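Structural characterization, general
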Amino acid sequence: MAELLKVEGLKSGYGEAVVVQGIDLTLEAGQSLALLGRNGTGKTTLMNTLVGVTRRHAGRISLAGQDITNLPAHLRAGAGIGWVPQERNIFKSLTVHENLTAVARPGPWTVERAYEMFPRLAERKSNMGNQLSGGEQQMLAVARALVLNPKLLLLDEPLEGLAPIIVEELLRSIARVVRDEGMSAIIVEQNPRMILPITHTAVVLDRGQVVHRDSSEALLAAPDQLDRWLAVAKA
Ligand SMILES: Nc1ncnc2c1ncn2[C@@H]1O[C@H](COP(=O)(O)OP(=O)(O)OP(=O)(O)O)[C@@H](O)[C@H]1O
C-alpha cells in the first residue's frame, strides 16, 4: 500500500514552548487513524502542526510524496489536507449551500454527494450557518472538508459536545467516509470506544510523544491494556 503521510522527528509548539516532542508517524493511503490520549497530551497540537498553524521546531512532514514541511498553512489545503478543527470552521453568515460551493474543488466528493452523506444538510440548504444546531454545524464542517476533495482528512474531536443521537448519526457518516469510501483520515477522539470501531489503526500520545500504536481491532479486543495506555497520559 502507498504511504500517504510521513512524519519524521516532528517537534512543534507555540512560541518557545515545545508541545509535540519528536513524533514519527506514517499513514497508508486509504487508512484511518485514531489519535488517542488524555487532555493536554498534544493531539490538537499535532493536528495543527500538520495543518501548519503551529511553530515547528524540528522534523519533516510529507504528503503523497510531496515535502510540505515548509508549505504555509494556506497552501496545505491545495496540497491535499482537509481540516475540521475543534471549533468547526464554517462561515456563519453564508447559507449551507454557499458554505459548500465556496470551497468545493473538482473530485469525487461533489456537493451533491455531501448532501447524500448528510441529508440534514440537504434539508437546510438555504439556512445560514448560524441557524444550524451544533450537530448540523459539525456535519457542515465535515462536508466542507470533503468537498475540498482532500488526500487526507483531519478531524479534531468531531463528536465533542454533541447530543447522543447526533453523535450516532455523525459516527455513521464518518464510518462511511473512512471505511466504505476509503478516505484517509486522522481522527482525534477522547473516547476510544466510539472511534476504534470505525478506524483501522490507533496511536496513543503522552506528553507529546507516541507511546503506543496498534490496530484499532487489537486495542478494542484488549480494553484493560487500552485503559493502561491511556492512563499513562494521566500520570
Ligand atoms: N495556543 C496555544 N498556546 C500555548 N500553549 C498551548 C496552545 N494550545 C495548546 N497549548 C498547550 O499545549 C499542550 C497540549 O495541548 P493540546 O491542545 O495539543 O492537547 P490535546 O491532547 O489536544 O488536549 P485536549 O483534548 O484538551 O484538546 C497543553 O499544555 C496546552 O496548554
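Predicted, not measured: the structure shown is a model, and the values here were computed from it. (Residues numbered from 1 in each chain as written. Predicted model: local features only at pLDDT ≥ 70, side-chain atom pairs only at ≥ 80, totals over all residues.)

What about the packing of helix α6 (residues 134-147) against helix α7 (residues 164-180)?
- Look at α6 against α7: their axes get within 10 Å of each other, and the N-to-C directions meet at 10°. The angle between the axes of α6 and α7 places the two elements in the roughly parallel class. Contacts between α6 and α7 involve Gly135, Gln138, Met139 and Leu146 from the first element and Ile166, Leu170 and Val177 from the second.
- In terms of residue class, the contact of α6 with α7 is made up of 5 nonpolar, 2 polar and no charged. (Axes fitted to C-alpha atoms, helices over the stretch in contact; angles between N-to-C directions. Helix = DSSP H or I, 4+ residues; strand = E, 2+ residues; numbered from the N terminus. Parallel < 35°, antiparallel > 145°, perpendicular 65-115°, else oblique. Contact = placed C-beta atoms within 7 Å. Nonpolar A, V, L, I, M, F, W, Y, C, P; charged D, E, K, R; others polar.)

A few points about the sheet that holds strand β9 (residues 201-206)
- Spatial strand order, β6-β7-β8-β3-β9-β10: 6 strands in an open sheet with mixed pairing. The strands lining the two open edges of the sheet, one partner per strand, are β6 (81-84) and β10 (209-215). For this sheet, the mean inter-axis angle between neighbouring strands, taken without regard to orientation, is 15°.
- With 6 bridges joining them, β9 and β10 adopt antiparallel strand pairing. Across the sheet, the residue bridging to Val204 is His212, located in β10.
- Running at roughly 145° to strand β7 (residues 152-156), helix α1 (residues 43-51) makes contact with β3 (32-36), β6, β7, β8 (184-188) and β9 of the sheet. (Pairing = 2+ DSSP bridges.)

Quick look at the site of the ligand
- All residues in the neighbourhood of the ligand are listed as Tyr14, Ala17, Val19, Gly37, Asn39, Gly40, Thr41, Gly42, Lys43, Thr44 and Thr45.
- Put simply, the parts of the chain that give the shell around the ligand at least two residues each are β2 (17-28) and α1.
- No other element matches α1, which puts 3 residues into the shell around the ligand. (Near = placed C-beta within 6 Å.)

Overview of the environment of Glu112
- Among the secondary structure elements, Glu112 is positioned in helix α4 (residues 111-117).
- Looking at Glu112, the number of C-beta atoms within 10 Å reads 11, which means it is exposed.
- Each C-alpha atom, one on Glu112 and one on Val178, is 18 Å from the other, the two residues being 66 residues apart in sequence. (Buried ≥ 20, exposed ≤ 12 C-beta atoms within 10 Å, placed from the backbone.)

Examining the domain arrangement of the protein
- The assigned domain composition of the protein is domain 1 (3-80 + 150-232) and domain 2 (87-149).
- Measuring from the centre of the C-alpha atoms in domain 1 to the corresponding centre in domain 2 gives 22 Å.
- Contact residues are listed per partner, giving 13 residues for domain 1 and 11 residues for domain 2.
- Broken down by secondary-structure element, the contributors of at least two residues to the side of domain 1 that touches domain 2 are β7 and α7.
- At 5 residues, α7 tops the list of elements feeding residues into the side of domain 1 that touches domain 2.
- Across the side of domain 1 that touches domain 2, the residue classes tally to 10 nonpolar, 2 polar and 1 charged. (Domains from an automatic or database assignment.)

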